[in-house]
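# Structural features, examined
The lines below spell out each chain.
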Amino acid sequence: MSEQTLSDLLGRSVDQVPDSQPPIAELLRRGQATHRRRRRAAVVGGAVASLLVVGALAASLQDSDHATPPADRPGGDRQSSLPIPPAGMKWVGVDRTVVAVPQGWPVVPGIYCQGPTGPYVTITQWHVAVGCRPMQSPDGGTSQDQSSVDVEGSATGGFTAQLAGSEESSDLTQGSLDASRTTLPSGWLTVPSGEPYGGAGTPTLTSEIAALESAGFHVVREHAAPLNRWQPVTTDPEIGTPARRGSTVVVFDHGAAASSATLTGQLQWVGGPAPGSPVAHPGTVHVVNADDSVDQTVRAGDDGRWEIYLPPGTYRVLATSPGYGSKAGNFDACSASRAITVDAGESVAVDVFCQLM
Amino acid sequence: MDHDAEFSDYAASRWRALVRTGVLLGCDVAEAEDLAQQTLLRCYLKWSSVERAADREAYVARLQLNLLRQSRRRRWWGERATDAPPERPTADGTGRVDDADALRRALGRLPEAQRQAVVLRHYLHLTEQQTAEATGVARGTVKSRLSRALAVLAADPDLAVLREGRK
């Protein structure tokens, strides 16, 4: 079947779907109400956090002999102490918004409740689902999670919470999660989840390091034994849990063979109406091998620099830079001059050029 | 133009496509309208992210797919297996409805991931890279999903009748 035929069939098949009016007034009303609710929650959360901070400060002043700030904590600012989670719980969230979840539940990023058999928390750059727990379906297979709370909206600082399914199967309830919602003090940030491909999927070594560095953390990379198929990369502190801004996060690479080679380089614009030296430029670099079995993307910074970890092999290196080809839907408008071969343990430098005519 | 006005324009322009995408992803019309409404509400709440998104269509498609996943997770609890498939509404006898039904049945036989790739790529006309971003997989995975899906659809007897035209 040709692609054009399929497109035609898809279009024809929904021709008969009745047209309805978009409920814009209702959407605006609900959206505005949610914004108001979030602002109120933020005020209450801030007040609770302030009380906790004041309490912690008072306690630390009473015991000033032991108040020396840890060496790894820039500033050692006592006024930005982390609120203490309830007993047996830990904070997990996105950006500075966290909820309390059981200490023993691992954070498994980017898998949308289709991972381990035990309960866990899943997380993306903008979303947390708490309480994923694959269930036995009537036909004997495993089905979806039974209860989850979604924490979203890192970009806006607010979030919505929803609890689906039976509450009997979990100690967590909508109320307990709502009550635990907390905004971290200004000196704290949750360890980001670095999903590749526009913010979804399991983080790779490359994407996790990029996310951490983008959030201002100092990164130390270490090799580690394979863990499970859902977590090629873990961190300490754990992804989604609070860490001091600017502190050190250790990234454990559990798939060392799959990331033992390194490609690095710079994205540059060349040519144009006033040709001269190439100009470094930000953009997105895309590295792919011949059969598409390895396909990774990384952002080049403002200085055009990028770095990506891969299995040994031969790769085409492509890129998109803002305004260059992307409006026309051409996501691989820029490229390196030739395919690049890189061996295990080797780091190869390759520059990528966007040729302006 | 203020936030609400920009959002209103966007919602009005995207409503029809969102509803129809929902139908092609397996919702009935009422569910598809609910899904479109939820998607637009998320857009409203995250409007600054929508505006800043490097690729707005891929970003909104991802929101819609995530909400669809969530709604199906919840809906599972209200459903139980039966010995026989549930009765479905029959076509009303017109050729156009038959055609639509045939295509939706053919799409329904595809694995969910392949179905999503087909709808995003060939109905919404997203690029492979946009489809990859919306579905959270590599571009190569999108390619292989589309390739397998097209092979399955090409062999589907109901669709063969459609392609050749009804006698």
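Residues numbered from 1 in each chain as written. Chains lettered and ligands numbered in written order. Predicted model: local features only at pLDDT ≥ 70, side-chain atom pairs only at ≥ 80, totals over all residues. Heavy atoms only, no water.

### What about the overall build of chain B?
In terms of regular secondary structure, chain B is built from nine helices and zero strands. For chain B, the N- to C-terminal ordering of α and β elements is α-α-α-α-α-α-α-α-α. Within chain B, the proportion of its 167 residues that are buried is 51%. (Helix = DSSP H or I, 4+ residues; strand = E, 2+ residues; numbered from the N terminus. Buried < 20%, exposed > 50% of the residue type's maximum accessible area, 1.4 Å probe, protein only.)

### What about the overall build of chain A?
What chain A contains, in helices and strands, is five helices and 21 strands. The buried share of chain A, reckoned over its 357 residues, is 46%. When the accessible area of chain A is evaluated, it comes to approximately 16,500 Å², of which 53% is carbon and sulfur surface. (Areas by Shrake-Rupley, 256 points an atom, 1.4 Å probe, with all protein chains shown as cover.)

### Focus: the environment of Ala225(A)
Examined against the element boundaries, Ala225(A) turns out to sit in the loop between strand S8 (218-223) and strand S9 (233-236). A sequence separation of 30 residues divides Ala225(A) from Gly255(A), and the C-alpha atoms of the two residues are 7.6 Å apart.

### Considerations on the state of the cysteines
When the sulfur atoms of two cysteines share a covalent bond, that bond is a disulfide. All names here are of chain A. Inspection of every chain in the model, using the stated rule, returns one disulfide over all chains. The disulfide partner of cysteine 334 is cysteine 354, and the S-S distance across this bridge is 2.0 Å. Its torsion about the S-S bond being 95°, the disulfide of cysteine 334 and cysteine 354 is classed as right-handed. Of this pair, cysteine 334 sits in strand S18 (residues 334-335) while cysteine 354 sits in strand S21 (residues 352-356), placing them 20 residues apart in sequence. Judged by relative accessible area, which is 0%, cysteine 334 ranks as buried. (Disulfide = S-S within 2.5 Å.)

### Examining the sheet that holds S9(A)
All names here are of chain A. The strand order S8-S11-S9 describes an open sheet built from three strands, whose pairing is mixed. The open sheet terminates on both sides in strands that have one partner only, identified here as S8 and S9. Between one strand axis and the next, the sheet turns through 25° on average, direction left out of account. (Pairing = 2+ DSSP bridges. Axes fitted to C-alpha atoms, helices over the stretch in contact; angles between N-to-C directions.)

### Some points on the confidence of the model for chain A
All names here are of chain A. The predicted model of chain A averages 72 in pLDDT, with 63% of residues at 70 or higher. When mean pLDDT is compared element by element in chain A, strand S10 (residues 242-244) scores highest at 93, while strand S5 (residues 149-152) scores lowest at 49. Note on residues 63-79: pLDDT under 50 across the span, and 13 contacts to partners over four residues away in sequence or across chains. Counting contacts from residues 152-170, a segment whose pLDDT is below 50, to residues more than four positions away or on other chains yields 66 contacts. (pLDDT = per-residue confidence, 0-100. Contact = heavy atoms within 4.5 Å.)

### Description of empty space enclosed by the protein
It is the rolling of a water-molecule-sized probe over the atoms that shows where space remains empty. Summed over all chains, the structure comprises two cavities of 30 Å³ or more. There is about 50 Å³ of room inside the largest cavity. Contributing to the lining of the largest cavity are Val17(A), Pro18(A), Asp19(A), Ser20(A), Trp15(B), Arg16(B), Val19(B) and Arg20(B). Of the residues assigned to the lining of the largest cavity, the class counts are four nonpolar, one polar and three charged. (1 Å grid on protein atoms, 1.4 Å probe; cavity = no way out; pocket = protein on both sides within 12 Å on 5 of 7 lines; lining within 4 Å. Points joined across faces, edges and corners; volume = space filled by probe spheres on them. Nonpolar A, V, L, I, M, F, W, Y, C, P; charged D, E, K, R; others polar.)

### Observations concerning the packing of aromatic side chains
Considering all chains together, one arrives at three aromatic pairs over all chains under this definition. Aromatic side chains Phe7(B) and Tyr44(B) sit 5.1 Å apart centroid to centroid with 80° between the ring planes, which places their arrangement in the edge-to-face category. With Phe7(B) in helix H1 (residues 3-24) and Tyr44(B) in helix H2 (residues 29-45), the pair connects residues that are 37 residues apart, well separated along the chain. Judged by relative accessible area, Phe7(B) falls into the buried class, the value being 0%. A cation over an aromatic ring shows up here: Arg221(A) above the ring of Tyr309(A), its NZ or CZ 4.3 Å from the ring centre. (Phe/Tyr/Trp six-rings, centres within 6.5 Å; stacked < 30°, edge-to-face > 60°. Lys NZ or Arg CZ within 6 Å of the ring centre and 35° of its normal.)

### Things to note about the nonpolar core
Leu10(A), Phe7(B), Leu24(B), Leu40(B), Cys43(B), Leu107(B) and Val118(B) are the most contacted members of the largest nonpolar core, which totals 55 residues. Leu267(A), Leu310(A), Val342(A) and Cys354(A) belong to the second-largest nonpolar core, a separate cluster that totals 22 residues. (Core = buried A, V, L, I, M, F, W, Y, C linked by side-chain atoms within 4.5 Å.)

### Digging into helix H7 (residues 128-135) of chain B
Residues and elements named next belong to chain B. Counting buried residues along H7, seven of its eight residues qualify, which places the element largely inside the surrounding structure. What H7 keeps buried is the set Gln129, Gln130, Thr131, Ala132, Glu133, Ala134 and Thr135. Glycine 136, located one to two residues past H7, shows a positive phi value of around 75°.

### Points about the sheet that holds strand S1 (residues 89-94) of chain A
Residues and elements named next belong to chain A. Taken in spatial order, the three strands of this open sheet run S1-S2-S6, and their pairing is antiparallel. Of all the strands in the sheet, the pair left with one neighbour each is S1 and strand S6 (182-183). Pairing of strand S2 (residues 97-102) with S6, which is carried by two bridges, proceeds in the antiparallel orientation. Of the residues in S6, the one forming a bridge with threonine 97 is threonine 183.

### Quick notes on the packing of helix H6 (residues 112-122) of chain B against H7(B)
Residues and elements named next belong to chain B. Two elements in contact, H6 and H7, have axes separated by 9 Å at closest approach and are oriented at 135°. Between H6 and H7, the angle is such that the two are oblique. As H6 runs across H7, the sense of the crossing is right-handed. The segment H6 lies against H7, with Gln116, Ala117, Leu120 and Arg121 engaging Glu128, Thr131, Ala134 and Thr135. A class-by-class count of the residues in the contact of H6 with H7 yields three nonpolar, three polar and two charged. (Parallel < 35°, antiparallel > 145°, perpendicular 65-115°, else oblique. Left-handed = near helix turned anticlockwise from the far one by under 90°.)

### Looking at unusual backbone geometry
At the junction of Asp236(A) and Pro237(A), the peptide bond is cis and its omega measures out at 0° in the coordinates. Looking at the secondary structure, you find Pro237(A) in the loop between S9 and S10. In this model, Asp95(A) sits at a positive phi of 60°, which is unusual for a non-glycine residue. Of note, Asp95(A) is situated in the loop between S1 and S2. Unlike most non-glycine residues, His125(B) shows phi in positive territory, near 60°. Along the chain, His125(B) turns up in the loop between H6 and H7. A relative accessible area of 53% places His125(B) in the exposed class.

### Overview of H1(B)
Residue and element names in this part refer to chain B. The first and last C-alpha atoms of H1 sit 30 Å apart over 22 residues, in line with the 32 Å expected at 1.5 Å per residue. Of all the bends in H1, the largest measures some 45° and sits at arginine 14. A positive phi of about 115° marks glycine 26, the residue just after H1. (Expected span 1.5 Å × (residues − 1). Bend = angle between axes of the 7 residues up to and from the residue.)

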